[in-house]
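Given next are the chains, with one letter for each unit.
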Amino acid sequence: MDASVRDAALPDARTRMRAVIVDDEPLARRGLEIRLQAHPDVEIVGQYGDGAAAIAALREDRPDLMFLDVQMPGVDGFETLRRIPSNEMPLVVFVTAFDHYAIRAFEASSTDYLLKPVEDSRLAQALARVRGARQQREADAHCGHLLGLLGELSGKPPLRLDEALRPDALDQLRREQ
């Protein structure tokens, strides 16, 4: 394959998802790592055997996505999530051998829930959900930024989306200047 064709097929830094794997079982981490190699937009930036180590490394790793086991010694998956500040929270996919944690995982705002051993087709589905959630998160951030800029330009506090979308919003902003 021509190098330019191969390079064009690779995701660029803006679309690549930085991921960490948090699981106390080395074989489970390795299995997930191998499966993720089939998804070139996922870059594994860290692997941790417990929640405390993952929390300590999050600021440095700055992942977009965390694959998180539920049952681990010390700090379990749910406690790990409770200890991560909301502004640093990556998207989360729980990966566990136990299906009875699923409701609790979604209540904790998990994007998806995978059962071990992880099947390639379910991993692909989970990553599709993660990509969609990531796009929505980025769109929300852009929207908030644009509303802040509109408010700044108009000399008003940041606008709410419903205010900015009113048919007369531009006229209203012009009148108030």
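Note that the coordinates shown come from a computational prediction; the quantities given were computed from them, not determined experimentally.

Criteria and thresholds
- For every chain, the first residue of the written sequence is number 1, and numbering continues from 1 along that sequence.
- In keeping with the predicted nature of the model, local features appear solely for residues at pLDDT of at least 70, side-chain atom pairs appear and are counted solely at 80 or more, and the whole-chain, interface and lining totals rest on all residues.
- Hydrogens and water molecules were not included; the side-chain quantities draw on all heavy atoms of the structure.
- Secondary structure elements follow DSSP: runs of H or I of four or more residues count as helices, runs of E of two or more count as strands, with numbering from the N terminus.
- Burial here depends on accessible area, computed with a 1.4 Å probe over protein chains only, as a share of the maximum for the residue type. Under 20% is buried, over 50% is exposed, and the range in between is partly exposed.
- By definition, residues are in contact when any of their heavy atoms lie within 4.5 Å.
- Per-residue and other accessible areas were derived by the Shrake-Rupley procedure at a 1.4 Å probe size, with only the shown protein chains allowed to occlude residues.
- Two strands are said to pair when DSSP picks up at least two bridges between them.
- For helices, the fitted axis covers only the stretch in contact; all axes are lines through C-alpha atoms, and the angles between them, taken along N-to-C directions, range from 0 to 180 degrees.
- Values of pLDDT, ranging from 0 to 100, describe the predictor's confidence in every residue of the model.
- By nonpolar core is meant a set of buried Ala, Val, Leu, Ile, Met, Phe, Trp, Tyr and Cys residues that side-chain atoms within 4.5 Å join together.
- Here a polar contact is recorded for every N or O atom pair within 3.5 Å, except that within protein the pair must consist of a potential hydrogen donor and a potential acceptor, and residues adjacent in sequence are included only if both atoms are side-chain atoms.
- This arc corresponds to the set of directions leading from the helix axis out to the C-beta atoms.

Undergrad: Requested: an account of the overall build of the protein, with residues and values cited.
TA: Looking only at helices and strands, one finds eight helices and five strands in the protein. Along its sequence from the N terminus, the protein presents helices and strands in the succession α-β-α-β-α-β-α-β-α-β-α-α-α. Taken over 177 residues, the protein has a buried fraction of 36%. Taking as baseline every contact in the protein between residues at least 6 positions apart, the subset at least 24 positions apart corresponds to 55%. Summed over all atoms, the accessible surface of the protein reaches about 10700 Å², with 54% contributed by carbon and sulfur.

Undergrad: How would you sum up the sheet that holds strand β3 (residues 65-68)? Please name residues and give values.
TA: Taken in spatial order, the five strands line up as β2-β1-β3-β4-β5 in an open sheet, and their pairing is parallel. Unpaired on one side and paired on the other, β2 (42-48) and β5 (112-115) mark the two borders of the sheet. Sheet twist, expressed as the average angle between the axes of neighbouring strands with direction ignored, equals 20°. Relative to β3, strand β1 (residues 17-22) is paired through four bridges, and the arrangement is parallel. In the strand pairing of β3, V22 is matched with L68. With respect to the sheet, helix α3 (residues 51-61) is in contact with β1 and β2, its orientation differing from that of β2 by roughly 135°.

Undergrad: Describe the confidence of the model for the protein, listing the residues and the values that go with them.
TA: Confidence in the prediction of the protein, expressed as mean pLDDT, is 86, and 88% of residues score 70 or more. Note that pLDDT drops below 50 for residues 1-8; the model gives that stretch one contact with residues more than four away or on any other chain.

Undergrad: Kindly report on the nonpolar core, identifying the contributing residues and their values.
TA: Of all hydrophobic cores here, the largest spans 18 residues; its most connected members are V22, M66, L68, L81 and F94. Residue assignment for this core shows that the elements contributing at least two residues are β1, α3, β3, α4 (77-83) and β4 (91-96). Counting residues per element, this core draws most heavily on α3, which supplies three residues. Counting 17 residues, the second-largest nonpolar core is a separate cluster that includes A19, L114, A126 and L127.

Undergrad: Let's hear about the side chain of K116: which residues, and what values?
TA: For K116, the location among the structural elements is in the loop between β5 and α6 (120-154). Of note is the side chain of K116, whose polar atom sits 2.6 Å from the side chain of D23. Apart from the residues within four sequence positions on either side, K116 is in contact with D23, E25, A28, D69, V95, T96 and A97.

Undergrad: Just give me the short version of helix α2 (residues 26-36), but keep the residues and values in it.
TA: Think of an α-helix as 3.6 residues a turn; residues three or four steps apart then line up on the same face. By the burial criterion, the buried members of α2 are R29, G31, L32 and L36. Mapping the buried residues of α2 onto a view down its axis gives an arc of 165°, with all of them on the same face. Turned more than 90 degrees away from the buried face of α2, the exposed residues are P26 and L27.

Undergrad: Kindly report on the environment of V118, identifying the contributing residues and their values.
TA: Assignment of secondary structure puts V118 in the loop between β5 and α6. By relative accessible area, V118 is classed as buried at 10%. Separated by 22 residues in sequence, V118 and T96 have C-alpha atoms that sit 8.9 Å apart. Setting aside chain neighbours within four positions, we find V118 in contact with R35, V95 and L123.

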